[in-house]
Amino acid sequence: MTSPIDTLPGAILRLDPTGRICEINEAARMLHSSFASQENLFDLIEPNGRAELTSSLSPDFISRDSFNEFEVLSNGRRFRLTVAGKPCADWSRFVQVTDITEYRVLSERLAINEQRYRSLFFQNPDAVCCLDKEGRLVETNHCTEHLTGYSSEELCRCYWESLVDPSDRQSARESFDAALAGNSCSYRCKVANRDGDQAMLQVTYIPIFVGAEVVGVFGVARDKTERYRLEESRRLLQSCMAQIQDVIIITETSPLDEPGPRIIYVNDGVERMTGYKPRDVLGQTPRLFQGPETDRAALKRIRKALEACEPIKEVVVNYCKDGQPFWNEIEIVPIPARRPGERSYFAAVQRDITRAKQREAELCHSQEELRRLSRAQESILEQERRRIARDLHDELGQTLTALKLSLGVTVNELEQVSADHARRVANLTELVDGAVEKVREISSNLRPAILDDLGFEAAAEWFLEKCAGRDDLDVQWHCDSSGQSRVKGEVATALFRILQECMTNISRHSNASSVIIDYLESERSASLEIRDDGVGFDPGLLGRTGFGLVGMRERVAMLHGDLTVESAAGKGVRVSVDLPLEAEIHD
């Protein structure tokens, strides 16, 4: 005979108030092998479910329309028990048993996946958003809010495309259509934030599938602004480095001993300058360019600077791939490590200055030729002055003296001469005397004979005595020549002309009251120093007007000497000359 409990749907137990199974249907027996008539359910379930079962079976739990539902564990399986609120006549109750073990496993797995999704979505360092099929923002993470400057509520009221720069919207639209077609894709665009600042983003669209249907699109936007800026800077730098004519080399900092630090970067200029291709040089050492004519002293200075990690600039002879030497200007600077533990480097800029060196040599040769020519011209000029001075003194001077004597004899021989005629003859005699003195003065100024006969010291003393009387100057002459003067010829002439030029400048421009001249002569050199207490001048204006100082410098340069001119406004002028005696050469 069929029991009424067998007609109830599902697995059904009838329990008395103590939990004993009074009846059980076939579905309950098949659900769990431990469920059997006369078994106590309290003994079959884990302790954490017994309190709920006790409450459900108590007489206090009586309700026609309500029931109690809770979960219990039995032999590793999870069951949901539904206890009827209305008891039977004997206070027993019907309990529906449902095995929810697989359901709970799936639920927990779904909850974990949900947490993973939420973490991936909201904790993602990139901007992540969810778009519906129309392109409207449905959900955004915090990074999207930070990137755009808009809140999540504001973003979810607009379309992503409205944030994209108009020039990039076509790419955004095409990529979105491709994602709706089920294909992940990526594009680059500019997006303006709330303040109007633009960021360069790399956006990836991923279709959202539910079954076989695309119901939306995930958008992942990575801020590449700084990367693109660095890439553009790197592109410009590489383009510049490739086109620049100088050679740029970056090396490691060690070893400084053989074989030397390795080259880790070199620009294309190395091939233009040396013939080596960049690939031939990488991994090598800069000593590859050295050769027999490379200055070893310069290399030692470079080594010392590298050991001290100090910048240095040197000029050495290096060699091309074909063995051709060239003048190489090298400037090396250290590149320190950004942080401890990282590598440091040396960067070198190398420039071929062979043509500049050739032009410099040609210029030096040209200057030397000009100086030799100027020296020869000065020598000829001095000889001409000497000849003119002697002609004036010997011929014109003697002629005027004879004329004076003749006039005197004529006056004495004339017995009867009127007073007017006598006065005229006396005036003529005075004029002749003046002419004689003028000729002597002109002769001395052109070339004082004392300079050739007695040397610079005697000529200087004679000349300074004239200057003191003529210009009302306090002239102090201090001489230490260690005995008889050895300075004659070109050196004596140069010193005398410089002294003349200085005294002329003092007389014309300085308003000085005193001049001190110190002269020192040794076995190898002669030194002359001239100091005045005049108004001085601004050294910054030196050489802008007049040729006096230029001529002095050129005279000294021709004799391989040194000239120093020091002055300041209101401080007077100091001129110092030092000439080697060996420079006295007659062309």
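Keep in mind that this is a model prediction, so the values were computed, not measured. All chains use their own residue numbering, which begins from 1 and follows the written sequence. The predicted origin of the model limits local features to residues at a pLDDT of at least 70 and limits the giving and counting of side-chain atom pairs to 80 or more, whereas totals for whole chains, interfaces and linings rest on all residues. Computation of side-chain values covers all heavy atoms of the structure but excludes hydrogens and water.

(A) Inspection of unusual backbone geometry at higher detail. Geometrically, the link from serine 254 to proline 255 is a cis peptide bond, its omega value of 5 degrees lying close to zero. The numbering of helices and of strands both runs from the N terminus, where a helix is a DSSP run of H or I of at least 4 residues and a strand a run of E of at least 2. The residue proline 255 is located in the loop between β11 (247–252) and β12 (263–266) in this model. Even without being glycine, histidine 560 reaches a positive phi, approximately 60 degrees. With respect to the helices, strands and loops of the structure, histidine 560 is situated in the loop between α17 (548–558) and β19 (562–567). Accessibility here uses a 1.4 Å probe with only protein chains present; expressed as a share of the type maximum, an area under 20% marks a residue as buried, one over 50% as exposed, and anything in between as partly exposed. In this structure histidine 560 comes out as exposed when scored by relative accessible area, which is 54%.

(B) Main features of the environment of phenylalanine 218. Position of phenylalanine 218 relative to the elements: it lies in strand β10 (residues 213–223). Spatially, the C-alpha atom of phenylalanine 218 lies 9.7 Å from that of leucine 137, the residues being 81 residues apart in sequence. Those residues in contact with phenylalanine 218 that lie beyond four places of it in its chain are Tyr117, Phe121, Cys129, Cys130, Thr204, Tyr205, Ile206 and Ile208. Should any heavy atoms of two residues lie within 4.5 Å, those residues are considered in contact.

(C) Representation of the packing of helix α16 (residues 489–510) against α17 in the model. Lines fitted to the C-alpha atoms define the axes, with helices restricted to the stretch that makes contact. Angles between their N-to-C directions range from 0 to 180 degrees. Running from N to C, α16 and α17 point in directions that differ by 165 degrees, and their axes come no closer than 10 Å. As judged from the angle between their axes, α16 and α17 are roughly antiparallel. Seen along the crossing, α16 lies across α17 with a hand that is left-handed. Taking contact as the criterion, the partners of Ala494, Arg497, Ile498, Glu501 and Cys502 in α16 are, on α17, Gly548, Met552, Arg555 and Val556. Residues are sorted three ways: Asp, Glu, Lys and Arg are charged, Ala, Val, Leu, Ile, Met, Phe, Trp, Tyr, Cys and Pro are nonpolar, and all the rest, Gly among them, are polar. Classifying every residue of the contact of α16 with α17 by side-chain character gives five nonpolar, one polar and three charged. By the definition adopted for this analysis, an angle is roughly parallel if under 35 degrees, roughly antiparallel if over 145, roughly perpendicular if from 65 to 115, and oblique otherwise. By convention, the crossing between two helices is left-handed when the near helix turns anticlockwise from the far helix through less than a right angle, and right-handed when the turn is clockwise.

(D) View of the packing of helix α15 (residues 456–471) against α16. Two elements in contact, α15 and α16, have axes whose closest approach is 10 Å; the angle formed by their N-to-C orientations is 10 degrees. It follows from the interaxial angle that α15 and α16 lie roughly parallel. For the pair α15 and α16, contact is made by Phe456, Ala459, Ala460, Trp462, Phe463, Leu464, Cys467 and Asp471 and by Ala492, Leu495, Phe496, Leu499, Gln500, Met503 and Ser507, respectively. Of the residues contributing to the contact of α15 with α16, the split by class is 12 nonpolar, two polar and one charged.

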